[in-house]
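Working through the structure, step by step
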Amino acid sequence: MDATFFMNVISAGLLTGLVYGLMALGLSVIFGVMRVVNFAHGDMMVVAMYAAFLLYTKLGISPVPALPLVAGLLFVMGYLLQRLLINRFLGATEHIQFLLLLSLAIIITNIVLMVFGPDARNIQLDASFESYSLGPLILDKVRVIAAFTAGGVAMLLWAFFRYTTTGTAIRACADNPVGARVVGLDVEKLYAVTFGIGAACVGAAGCLLLLLVDVHPHLSSDYTLLGFIIVILGGLGSLGGALLGGILVGLSEALSGVLISPSLKSMFSFGLLILVLLLRPQGILGKKP
Amino acid sequence: MSDNATSLSASKSTISRRQFTAATAAGALAASLPLRSARAATPLKLGVLLPRSGHLALIGQACQRGAEIGLPMLRDMGYSVELMNADTESNPDVGRTQAEKLIREGANMLMGCFDSATTLAVAGVAEQKGVPFVVNIASEPKLTEQGFKYVFRNFPSAGMLGKGGLLLYKDIFAATGVTPKTAVLLHINDSFGMAMLGGINALMPKLDMPFTIVETIAYDPKARDLSIEVSKAKAAKADLVMTVTRLNDAILLVREMVKQQVETMGIISPGAPGMYDKQFFKALGKYAEYCTTNVPWFDPTQDMAKTLEKTFEKAFPEESCDLNVGFTFEAVLIAADAHKRAGSNDPQALSAEAKPVFPMPPFKGRT
């Protein structure tokens, strides 16, 4: 194993990690603002993957151009879900919220199972078999597209929260919900927008992941768990933390797969999680409560 | 003593002791015949346990098609079978629970389960409950080496699969005139994959294979991404890639090898699912043509196989009548035949009649 080999492994880990990070962004946004842990996160992503799959197979729109459509669809789904259901449980104890979202996850999985059946579905693009060669470095074309799009979506999200009035209002709600109400902000509506934005991030990630993995209804639990590992590593509620967590998980999987054993690579993500919980319980970029 | 001496009455028609004994025996036989016949007329309730969802769903559904497509054929052959279907969800724990449920609901026999881990779990239930269990596909050696009384298998064990598969490698090398010196083995780390690994490692020196395995890479069959595994295989710079896969991971592996520009003399599986499945060809297109798999196959020259293939093509023109279909049909046939010969739904009688068909017919390899 030479330096070129490790460069290839690290670049693959980085690219995969960026997509993981985008997937976890939605979870982090929702928790950061509303303090609601979205256990239906993976299920919403599976819905997005199926939506992208349908757009490709029925209308011939490939996942990257379909991204705004799917993100928009998930935004509406998230907005309505928050307005009609989750909002009623915001004052409830945490375990009630957990149960609510777990129930929602099970319902979504079963609806998807009824509609699409248990088969794994994938899409075949010409790019699925292509790669870029940069000297000795071979970069998977699909991963490069997915990673750059993930980076772009993360930048847009950051700009939205930093520079727009709605973004600033949402940050105000996250920092001090009572104060936000006092100054006349419609907190419920802003929470619904936040949930919509979180869901839209999940939708974008779903489109990109469809380029990398096959979708089936039971995929959701794997990605919900992975999302939790990433946001806890990076720091719950931190946008940068979610991206950093994703990259760390991608890199740890890649390097442990090469240096120890590929079949043990997931174990190292959990090992990393325990280490961070011991040394910095709030996550690498998280704030102390 | 004459027969007359034992006559009850000289004036009435008399029945001798010998006649009475004979009549009683004949009566008992006559009485038993309709009873046996009536029992055989009660259809066999066969609990079918297959992974119709989860990561083995595509193969599980192929097996299910094999179980269902043969029913009209079996009816024409005079067999009477009702299927009680259950989904193991590619999970041994679910398989165990479903087996118990099927038995509670009246299954006389069980059939399944495609993957070794679930099959082992269901075998435990079958033994505990005393219900015969016919394995359609599963190669874990323990299934037939553990002394189970109610488990019957008509599929090669991992050792047989490995031996048959490795011997076919030599045929391929002879036919192509190219013999690799080194190989890298990529294998799944479930019960089947580990059993195959054990078989291959034991057989390589015994069969005097012309190449050595320089790197062995295990991975999770549910893996979402195999880029690291393929990077590691590429770094081994071996002449040949050997694979022990399921379906989804076989697609991922080959796709990743194309992307990473892996150059090898060939990709040859010594006996595993994946590379013969229709979905593999659909997903990989022209790249599927560069892969070879050595697997057991039903004999396509037999009349029954021809009828099965015709029936299957008519019912499922988009699917292929592969070994999953063939071996599952055969498992249902074994169960139905045991039921017909036992003339009963009694588990002991079914077990006794399922035994003569074991061991299986000669291994037929196909590349």
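Please read these numbers as outputs of a predicted model, since none were measured by experiment.

Scanning chain B from N- to C-terminus turns up 14 helices and 12 strands. The burial tally for chain B puts 49% of its 367 residues in the buried class. Intrachain contacts of chain B at a sequence separation of at least 6 include 72% that bridge at least 24 residues.

Within chain A one finds 11 helices and 2 strands. Beginning at the N terminus, the succession of helices and strands in chain A can be written as α-α-α-α-β-β-α-α-α-α-α-α-α. Computed over C-alpha atoms, the radius of gyration of chain A comes to 19 Å, within 12% of the 19 Å expected from 2.2 N^0.38 for 289 residues, which places it in the range of a compact globule. In terms of overall dimensions, chain A has C-alpha extents of about 60 × 50 × 35 Å along its principal axes. Counting every position in chain A, which comprises 289 residues, the buried fraction comes to 51%. Contacts spanning at least 24 positions in sequence make up 77% of the contacts within chain A whose residues lie at least 6 apart.

We now examine the domain arrangement of chain B. All names here are of chain B. Segmentation of chain B into domains returns domain 1 (41-156 + 299-361) and domain 2 (159-296). Its C-alpha centre places domain 1 at a distance of 28 Å from the equivalent point of domain 2. Each partner contributes residues to the interface: domain 1 has 16 residues there, and domain 2 has 20 residues. Elements supplying a minimum of two residues to the side of domain 1 that touches domain 2: α2 (57-69) and α5 (116-129). In terms of residue count, the dominant contributor to the side of domain 1 that touches domain 2 is α5 (3 residues).

Right, let's talk about the packing of helix α2 (residues 41-59) of chain A against helix α9 (residues 219-234) of chain A for a bit. Residues and elements named next belong to chain A. Interaxial distance between α2 and α9 falls to 7 Å at its minimum, and their mutual angle equals 125°. Taken as axis vectors, α2 and α9 run oblique relative to one another. Relative to α9, α2 is oriented so that their crossing is right-handed. Residues His-41, Gly-42, Asp-43, Met-45 and Val-46 of α2 touch α9, and the partners they reach there are Leu-219, Ser-220, Ser-221, Asp-222, Tyr-223, Thr-224 and Gly-227. Residues of the contact of α2 with α9, tallied by class, amount to 4 nonpolar, 6 polar and 2 charged.

With that out of the way, let us pick up the packing of helix α10 (residues 239-259) of chain A against helix α11 (residues 265-279) of chain A. Residues and elements named next belong to chain A. α11 packs onto α10 with a crossing angle of 135° between their chain directions and a minimal axis gap of 8 Å. Classified by the interaxial angle, the pair formed by α10 and α11 is oblique. In this structure, the crossing between α10 and α11 has a hand that is right-handed. Taken together, the residues of α11 that come into contact with α10 (itself represented by Leu-248, Val-249, Ser-252, Glu-253, Ser-256 and Gly-257) are Lys-265, Phe-268, Ser-269 and Leu-272. In terms of residue class, the contact of α10 with α11 is made up of 4 nonpolar, 4 polar and 2 charged.

Another point: the interface of chain B and chain A. One frequent convention defines the size of an interface as the accessible area lost when the parts assemble. If you look at the interface, chain B gives 26 residues, while chain A gives 28 residues. Every element with two or more residues in the side of chain B that touches chain A is listed here: α2, β7 (212-219), α9 (227-235) and α10 (247-259) of chain B. Looking at the side of chain B that touches chain A element by element, the count peaks at 6 residues for α9(B).

Right, let's get into the nonpolar core. Grouped together as the largest cluster of nonpolar side chains are 200 residues, with contacts concentrated most on A:Val19, A:Leu22, A:Ala48, A:Ala52, A:Cys201, B:Leu110 and B:Ala335. Sort the elements by how many residues they give to this core and helix α1 (residues 3-34) of chain A lands first, with 16 residues. Summarising the domain contributions, this core has at least three residues from each of domain 1 (41-156 + 299-361) and domain 2 (159-296) of chain B. Among residues more than four places away in sequence, those in contact with A:Cys201 are A:Leu22, A:Leu25, A:Gly26, A:Val29, A:Val153 and A:Leu157.

Here we take up the sheet that holds strand β10 (residues 291-293) of chain B. Residues and elements named next belong to chain B. The strand order β7-β6-β8-β9-β10 describes an open sheet built from 5 strands, whose pairing is parallel. Among the strands making up the open sheet, the edge pair consists of β7 and β10. Going from strand to strand, the sheet's axes swing by 20° on average, the running direction of each strand aside. Bridge count for strand β6 (residues 182-188) against strand β8 (residues 240-244) is 5 bridges, and the pairing is parallel. When the bridges of β8 are listed, His-187 appears paired with Val-244. Lying on the sheet, α9 is in contact with β6, β7 and β8; it crosses β7 at an angle near 170°.

We now examine α9(A). Residue and element names in this part refer to chain A. With 16 residues, α9 should reach 22 Å at 1.5 Å per residue; the first-to-last C-alpha distance of 23 Å fits that figure. In terms of burial, α9 is a largely internal element, 13 of the 16 residues being buried. Looking one or two residues past α9, Gly-235 carries a phi angle of roughly 115°, positive in sign.

Residue and element names in this part refer to chain B. Assignment of secondary structure puts Tyr-79 in the loop between α3 (71-76) and β2 (81-87). The buried category is assigned to Tyr-79, around which 20 C-beta atoms lie within 10 Å. Put simply, Tyr-79 and Phe-327 are 248 residues apart on the chain and 18 Å apart in space, counted from C-alpha to C-alpha. Contacts of Tyr-79, omitting those with residues within four sequence positions, involve Leu-74, Ala-336, Asp-337 and Lys-340.

Calculation notes
- For every chain, the first residue of the written sequence is number 1, and numbering continues from 1 along that sequence.
- Just so you know, chain letters begin at A and ligand numbers begin at 1, following the order they were written in.
- With the structure being a predicted model, the display of local features is reserved for residues of pLDDT at least 70 and the display and counting of side-chain atom pairs for 80 or more, all residues being used for whole-chain, interface and lining totals.
- Numbering of helices and strands runs from the N terminus; a helix is a DSSP stretch of H or I covering at least four residues, while a strand is a stretch of E covering at least two.
- Whether a residue is buried, exposed or partly exposed follows from its count of other C-beta atoms within 10 Å of its own C-beta, namely 20 or more, 12 or fewer, or something in between, respectively; the C-beta atoms are built from the backbone.
- This entry defines residue contacts through backbone-placed C-beta atoms, with two residues in contact when those atoms are within 7 Å.
- Every radius of gyration here is taken over C-alpha atoms, with the globule rule written as 2.2 Å times N^0.38, N being the number of residues.
- Domain segmentation is taken from an automatic or database assignment of domains.
- Angular values range over 0 to 180 degrees, each being the angle between N-to-C directions of two axes fitted as lines to C-alpha atoms, with helices fitted over their stretch in contact.
- Under this scheme an angle from 65 to 115 degrees is roughly perpendicular, one under 35 degrees roughly parallel, and one over 145 degrees roughly antiparallel; angles in between are oblique.
- By the definition used in this description, the sense in which the near helix is turned from the far one sets the handedness, with an anticlockwise turn below a right angle giving left-handed and a clockwise turn giving right-handed.
- Note on residue categories: nonpolar means Ala, Val, Leu, Ile, Met, Phe, Trp, Tyr, Cys or Pro, charged means Asp, Glu, Lys or Arg, and polar means any other residue, Gly included.
- For our purposes the nonpolar core covers buried Ala, Val, Leu, Ile, Met, Phe, Trp, Tyr and Cys residues that link as a set through C-beta atoms within 7 Å.
- In short, DSSP must find at least two bridges between two strands for them to pair.
- Expected helix span is taken as 1.5 Å per residue step, with the number of steps being one fewer than the number of residues.

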